[in-house]
Every structure is written in structure tokens, then in C-alpha cells.
Amino acid sequence: MTPIRIAANAPGTRTLIAAALLAALSAQARADAPVVISQVYGGGGNSGATYKNDFIEIFNRSGAAVDISGWSVQYASAAGGTWNATRVPANTAVLEPGQYFLFQQAAGNGGSADLPAPFVPGTLAMSGSAGKVALVSNGTALSGTNPSGGALVDLFGYNAGGFEGAAGPGLSNTLAALRANGGCTDTDNNASDFATGAPAPRTTASPRNQCGVPAQPPIVASCPADLALAVGLGGSAGVSASDADGIVNAATITAGAVGGIALTDFQSAPGAGGTATANLAVASSLAAGTYPVTIRFDNDQSQQAACTVNVKIAAPATLTRTIPQIQGSGAASPVAGTVQTTEGVVTAKVGSGFFIQDEVGDGDPQTSDGLFIFTTAANTATVQVGDRIRITGTVADYVPTGSSQPYTELTTITGIVGLAKGIAIAPTNIELPFADFTQVEGMLVRFNNNLTVSQLQYLADRGEVTLSSGRLENPTNRYRPGTPEAQALAAANARNQIILDDGVFTTPTVIPYLGADGSLRAGDTVSGLTGVVDFGAKGGGGAAFKLQPTVPPVFSQDNPRPAVPALASGNVKVASANVLNYFTTFTNGGNHLGQTGQGCSVGGGTPSRSNCRGADNLVEFQRQSAKIVGELKALNADVVGLMEIQNDGDYSVSQLVDALNAAIAPGTRTYAVVPKPVTTGTDAIRVAMIYKPAAVTLQGTALTDSDAINNRPPMAQTFVAPNGGKFTVVVNHLKSKGSCPSAASVDGDKNDGQSCWNATRVQQAQRLVGTFVPQVVAAAGDPKVLLIGDFNAYGHEDPIQAIVNQGFVNQLERFVRGAGAMPYSYVFNGEAGYLDHALASAALSAQVADAAEWHNNADEPVAVDYNTDGKPQDKYTDAPYRASDHDPVVLTLNLAGLPADVTASVRTAASGLVFARASGKWTGTLSITNTAATALTGPLQIALKGLPAGVTLFNASGSQSGAPYITAAVSSLAPGATITVPVSFTKTGTAAITYTTTVYSGNF
């Protein structure tokens, strides 16, 4: 079902309770009904239609919120008395004052456009020309040709026998019926309340239309206070106006119109809320003096607004410092805090001012030739790119919050005089890495080398793209923390970044730089990048050098969206996926069942919505689910470890598995949930596992380590492949790097690249391999263990080293870096690295066939994720890209089957045993001869069964089914060939050392 956005009641908001509303409406559908039918369209999907579906729209015309849970819209034919309903789910919707609500109905074969979301879906097949629609305060079907009373709230008949007052107009495939005044008019007369027009469906997300509230905001005019020009120059200044609810369509000089001053290039606003623009042009022949010019703007609502520009023609002020002299050779200006008059050519205009550059420069690479002018929009409107100007203001060294780097700019502008026009400044050629951007701050530059997208975290909300020369690897992803190599790489990365901005300095209305597929990925490149070097606040805090482009960047999709990695074949496939807070209970207190007033538990405490993470509402949940299900379906692994799933037992993970199975093959059970262990920790999220019962079977139950160091304890499960080979998967989610304690704390940030909480992660890793894994191995009776999950530690940090030191083999280093690529699953601060690991025990590592990450998430911008808030545009698709902020890891295993009993194919001979008093051991040999006609495949396992009590095989390689065995590490044993292995026994008591032998081919 396509979801609707639920409008939650704020504290103190009045709600018209359904029962009270029913009482008020029990007699008939009334003229003062708070909720009415506002639009009806029955031609959806018909020939000539734009929309594919019929729809019914309702509207809250009152001043109070109305709970419409359980209500319905109903339809009957023009002369019919049988009604069919589309219901609002119970406990799901409160309609706020001025809010619309959309019901999608049956689709046809025509039309080209989908209805806007959100909507409640229905299946009513409405006539495109004549019919009846009712709004009912319950879900019970009406009866009769012209119903009244009871639960009936509103009735609209179009060219039909049932109506209010008089029948409304007939409709068509291209015409809908729309209630007057945006839905506010209700006189109980369909004929006068409705008129036909092009269908224009509105939803709960549409702008609200509160009835009785005065509209018509005024025209807002924007003009510079002054336009100062040198005698004999001429020039122009931009003027503009907008109106929130009207179209500004005219501009006129009403005062000060003298020869040589004219209003040119007027462009009417493109629509209501749009901006009309014009230029106030001044001829070069205008004599010296001051000319106040008043400009009046008009709109289509007969409103007017005016503004005045003082045109000043005079000689410019005396030059006091050149731009390089103001900048100086250091980071700070030598004349900061003083008033200076300087001269330069305008190279770029941005949201908070403009840039100028010395036309010649001083030839000193230590002193920048550019300067940022921090000023008003009105002042900025007086200049154009290519103008040479003389400007007076105060020199300031601006230090953004969170930065120690000053940025020299000119502020508090008292005079701008134009000197010349149409001057081109050639950009200075530079490359990344660049040692010191203060030398070119404010200057127009061009990057000679191709630059690579390194981060897109703040593309949607700030218009920022972090660029570098090649991908940047996190230093501790490659080197041990604190080493000279790690420090050198950190320094190199710092010199190899610049942020491409969009010149807006507010949330952009259109997300910049996205490609035709609606995305831009880390790893894509841009060449010939040209713009001015800026410095200021950046996404995530602090400040950085930025490039404000003067030529639109054109990106090359050098890192296109990849398919799932094609791995070397094996007989079992394992994956690890961080599902980014998959919660079936939402932050708004709702849940996936449509219930309200719900909450999430932490550590078994009282449920509270404040504990919930992930989706804010049902719409976001369904969008999130589609992406995660698509990711898991594409991975097609036999076993999947999950991180960041709601800690509510097996409920949320079961809902995910149900959705996954339905997407793969409805009605089948492709995946199942590994039942949770006895405890799942004290965090709001947990780790979990799912698997394919047709591919592997469970051995025993899931285990966990509930030690206090693990607030998200690991989960272990042993699996058996069809050939009898078995292995154990342990899913982990170690302590995150965020929410740092004080630097003095043992878990504080030690500035070694590992961030905070590293000491805790090391303890968790040590307990994992030192305590929990031995328990898991003992329970499984098998040493083949795979550690997967989000370890919140990069490839060579201390927690991973603690695990590797215990004999575990890092499979991403082995297969990804070993193939010459950089392993990464996460991008932060422009640097890539892998927090998600696959670490195999020595016994399992030899049976790992391949490993890789699927880069479907980390390289994608946040702008394309499932969230609906905080974005100027909705670029969501249900494709499995940006399903999470972590990339999944996938491996293939070639698990060896159970050893074959080849005792019948060999002859075994035992030597006599010799007792060595010094060691207290009986020693001898066993000879194994191949009596078969074909070679036996190694290794061979010689099991000694039936040893008397007190007798121990001292040199046993292991134990299987209670019997010790010795491994003969031969690749094969040819027909007639013999191998000899030593045996060594200890014993207590007087029993003789006797046994029988069983020989196996293969590994236990």
C-alpha cells in the first residue's frame, strides 16, 4: 500500500474527535462541514488524460485538526444505489487545518503521469463524465441513489441523480471538478460550489490553504541603494521584485527619469512567487551628479511596490592599497581593521558578496591578487562580472567558527564606483595537491589536473562536493596508527582537498551537479575546473577552502553504479550488511502496522519514541525497506549478517525477511531468520543473521557474549553445508567512533587517527578472540570461524590488529588490496576506508575463495537515500543504491566436505612401542599402505579408536567424535605407496595400550 504522511498533533492542538463530529453531522451533510470533498476526477487513464488514475481529494476547511482515521470516500454510478468505499486506515491520519488528503483510485491504460505521493490507494472505477462521490465518517457502505443523514459528511454528484442542492457539472477525460476557493467554499450546492478545470491533485504535502486567512502578501522590491559610476563610464544595476502569491508583470520608472537613465531588459516573473528582473541602465554621457530614480513594480493582483536607486556620477576615491598589499604574504592581512580603497575586476558573484582581482597582480606568488567583498545583495547587484571597480571598505580577517585560519575580506562597504566594463581576468593554473591556498585566496584559478569526487555528504543541504587528486585513503586504513607513514599520508591528504561549492550559501533549491541518472558518485571526475578560491564554513563543522565555480563543472561518470561483485565461485556465499537503523517503529511514534503511540526500548526499559531511530514515518519506512530489500536480494548470499536492526527480539528482522521473500518469490521461504541468542544487548539496535534453509542448515543455537563490555554483543551461529562442511559466522558491531568523551579519558581522541572509544573497541576485540571465539569453537566442534560486521575500526587500527594477532586472516586485505585495489566501505571527511570486515580463522582462511565490497552505498550522495526531510528535491528511487551509509561485504567459501572413510582401501601396521623413562611416553609408528588401485586424496586422518581409560594420544592433531586423530599432510597416496606417522602415548594405570584405526581422506 502506498503510504500517507501522518500529521501528528502538537501539544495543545485541538482535534475534532470523530464521535463529536458524527453527532454534529448526524442530520445531514452541512454547509459548515469542517472536511469536504474538494476535487473529483474520473477520467484517469482514459484517452487524452494526463494522469493514469482516477482520484478523490478531500480538504480540511476548518481552523482545527480533524481525526479522519477510519473514514472513507465512496462512489456510486450516476443513477445507482450501490456504493463502494476506499477507507482511511484506522489510527493513521489527522488532517490539519488547510490540509488536503488524496485518495488514488482505479487506473486506466492511458495517461502519462503518476499521482503525487502521499495518497491512500483505492480501486474505485469511476466514470469520467457522470457519477456520485461521498465522504463518510466511517467505513460502512452507503445505500440509495441520494443518501443523507447518518455518517454522511459531504456529497458531490456530477451530472448525476444524487447531489447537494443541484447537480454539479459533468466531467471529462481532461476535466476535474474543483471546489471553489481552493476548497473553502461550501454552500451545500454542488452546482455553485464546483467548477471544472484541469485535474490538479493535492496531498498532505501540498501547501496548506487556511480558509478565512487574508492572502495577497505584498510585492517585495529589491534595489541597490546606490549605483556609483565614474564620469564617462556608464553602467547598470540589477533590480528585482517578487510576490509570494502573485505574478510581478511590470516595472516602470516613476520618478527621476532623465536622459541617459532607462529601465531595460525587463523579465516578468515566471509565476506566482517567482522573481521579475530588470536593469537600471546609465549612459556614459550622463553628467556628474546624484540622480534619485524611483522604480515601481506591478503585479496581476493590482498591487504595487517601489524602490529608489541613487545614481551617483563622480570621480572615484583615491586608491590607498592594491589588493596584493591588502592581502600581504601571510595568512593575516597587514592592514586588518583599517579602511582602505582598492581597485579590481569583478570575477564572480555569490550569495554573500562578490570577488575582485587585481588586473595585473604584483608577480609575488606569496601574496594573493584576489579579495572577497562581503556585502549586501543590493551592493552586489550594482556590479557585473568583468567590471573594474574602485571600492572602499574595512579590511577584516574573518575566522569561521571551528577554524583557526583567517580569511581576508573587505567589509562595511562605503563606496563602489565603476571604472570600466568587459575586462577578462585569465585564471591562474594550479594543481592538487596544493601547499597553501592562502596564496590564491579570492583569486580566479583553473585546476590543470583532473579532480576526483571524494565526498558527497553535504551535497543536498549545502551544495558541497569534496574534490581531490585521486581517491583519498584514510591513513589508518593502510598503515598502523601513529607511524611515520600514517602521519605522512594524513598530511598529504590535507593538502589534497578542496570543496566545490555552488555559490549559494544556503540550502540550494535545486541539488547541484547530479547526472542524468540522478546521482553523482565518489570516484567520478571533473576536468578543467575553474572558479574563485573561497574560505568558509563547511558541512560537518569547521571551515575549509572552497571553489566557487565560474564555469559550470561537467563531471565524468568514471565510477558508474556497479553491479554486485562477481566473485570466484564457491559452495557457500556469506555477506555482511549494515542496514542503517532498520526500525519497524518510527520516530513519530507510529509503526509499520499504522498504529500510533508506539515506542522503542533500550536495555529492556520503558518504550519511548525518543529511543527510535531510522525512518520517521511510514512513508520513509517503505522507501527504506525497498532499498534494503533490493540490496539483500541482489547480494543473494546464503548467510547474511545484519547490523543496526531494531532490538525488539526477532520481530523487525522477521519483517525484513518477509519483505525480502516476497520480493524474491511471493509465497516462498527463500530466507529465514537465525533465532536470536538469549540476550541481544542494551542498545536500541542489535546484530542479527538471516540464511537460506535450502543452502545451509543450522547446527545448534545462536550464541552470544553478554559481558558488560559489549552493549551490542556479538552473535555466533554454526552452519552446515550440503556436503557436510561446516563453519561458524560471528556478527559484530563494535563501539562507534562518535560522541567522544573528554580527551583526558582513556577513550578520548588521542589524535592518532583512530578517533575516540578506541580503548573500548580494543577490549571488545580482545574479548571476542580471546574468550568468545574459543567458546564458539568448542560448541561447534570446529575451528572454522568467520568474523564479519561493522567493527568501527579501519583496516590497520588497534582492534583489528588485536584480532589478526590471534591468527585471523583479513580477507579484504588478501583479496582486494592484494589485487591492487583500495578496500573501503565507508567515506568520511573525504577519506575512504573499510569499517566493515571479514576476518577468517586460520582453519577457514584456506577455504575462502574470494571477498569484496559492493560499492553501492558509500560512494552515493545522502541526497538519494530514503529520507524525505532536509532535502530541496526528492531524488529517491527504489534502486539499491544508498540503502545505507556502509557498503556490504561479500565472500565465497569453498567448504571441504566431510572426510571419506577409506579404511577398506589401506593396510595399517603398527610398530612396537618403546617407553622413554625421561619423558614418560610410549612412542612408535603407524604405517599406512594404499592397497587400492587408485590414489587416495590427502590429507589423511588416522583416527585411533577404543583407547583404554587413562591412555592419551599425546601427538593427536585433534579429536573427532571422541576419538583422537593424527593428520598425515600428504596431497595424495599412490597405489601401493606407504606413509609412516609417529605415535606418542601417555597413560595412567596398568592398562595395555590397545586401539583400532580408521583412516579418512579429507579434513574434519
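Residues numbered from 1 in each chain as written. Predicted model: local features only at pLDDT ≥ 70, side-chain atom pairs only at ≥ 80, totals over all residues. Heavy atoms only, no water.

A. Summary view of empty space enclosed by the protein. Under the defined criterion, the tally for this structure stands at four cavities of 30 Å³ or more. Its volume calculated, the largest cavity comes out at about 100 Å³. Around the largest cavity, the lining comprises 18 residues; the ones closest to its centre are Ala 228, Leu 229, Thr 382, Asp 387 and Gly 418. Of all elements in the fold, only strand S15 (226-229), strand S16 (235-242), strand S25 (388-398) and strand S26 (407-420) reach the threshold of two or more residues within the lining of the largest cavity. Broken down by element, the lining of the largest cavity gets its largest block of residues, five residues, from S26. Class assignment of the residues belonging to the lining of the largest cavity gives a composition of ten nonpolar, five polar and three charged. Looking at the second largest cavity, its volume works out to about 70 Å³. If you list the elements that add at least two residues to the lining of the second largest cavity, you get strand S43 (726-733) and helix H10 (758-780). Among the elements that line the lining of the second largest cavity, the one with the most residues is H10, at three residues. The residue makeup of the lining of the second largest cavity, split by class, is four nonpolar, four polar and two charged. (1 Å grid on protein atoms, 1.4 Å probe; cavity = no way out; pocket = protein on both sides within 12 Å on 5 of 7 lines; lining within 4 Å. Points joined across faces, edges and corners; volume = space filled by probe spheres on them. Helix = DSSP H or I, 4+ residues; strand = E, 2+ residues; numbered from the N terminus. Nonpolar A, V, L, I, M, F, W, Y, C, P; charged D, E, K, R; others polar.)

B. Highlighting the packing of helix H8 (residues 618-635) against helix H9 (residues 651-664). Between H8 and H9, whose axes approach to 9 Å, the crossing angle comes to 65°. Handedness of the H8/H9 crossing: right-handed. In this structure, H8 contributes Ile 628, Val 629, Leu 632 and Lys 633 to the contact, and H9 contributes Leu 656, Ala 659, Leu 660, Ala 663 and Ile 664. Across the contact of H8 with H9, the residue classes tally to eight nonpolar, no polar and one charged. (Axes fitted to C-alpha atoms, helices over the stretch in contact; angles between N-to-C directions. Left-handed = near helix turned anticlockwise from the far one by under 90°. Contact = heavy atoms within 4.5 Å.)

C. How the structure looks around the confidence of the model for the protein chain. Confidence along the protein chain averages 92 in pLDDT terms, with 97% of residues attaining 70 or more. Scored below 50 in pLDDT, residues 1-31 makes 74 contacts in the model with residues more than four places away or belonging to other chains. (pLDDT = per-residue confidence, 0-100.)

D. Focus on H9. For H9, with 14 residues, the first-to-last C-alpha span of 20 Å sits near the 20 Å given by 1.5 Å per residue. Every buried residue belonging to H9 is among Ser 652, Val 653, Leu 656, Val 657, Leu 660 and Asn 661, and all of these are buried. At its buried positions, H9 is contacted by strand S37 (572-582), H8, strand S38 (639-646), strand S39 (672-673) and strand S40 (685-691). (Expected span 1.5 Å × (residues − 1). Buried < 20%, exposed > 50% of the residue type's maximum accessible area, 1.4 Å probe, protein only.)

E. Fine view of H10. The end-to-end C-alpha distance of H10, which contains 23 residues, comes to 31 Å, matching closely the 33 Å that a straight helix rising 1.5 Å per residue would cover. At Leu 768, H10 shows its maximal kink, close to 40°. Along H10, the residues classified as buried are Asn 758, Thr 760, Arg 761, Val 762, Gln 764, Ala 765, Leu 768, Val 769, Phe 772, Val 773, Val 776 and Ala 780. Taken together, the buried residues of H10 touch strand S41 (697-704), strand S42 (715-720), S43, strand S44 (785-790) and helix H11 (798-804). Backbone geometry just downstream of H10 places Gly 781 in the positive-phi region, at approximately 65°. (Bend = angle between axes of the 7 residues up to and from the residue.)

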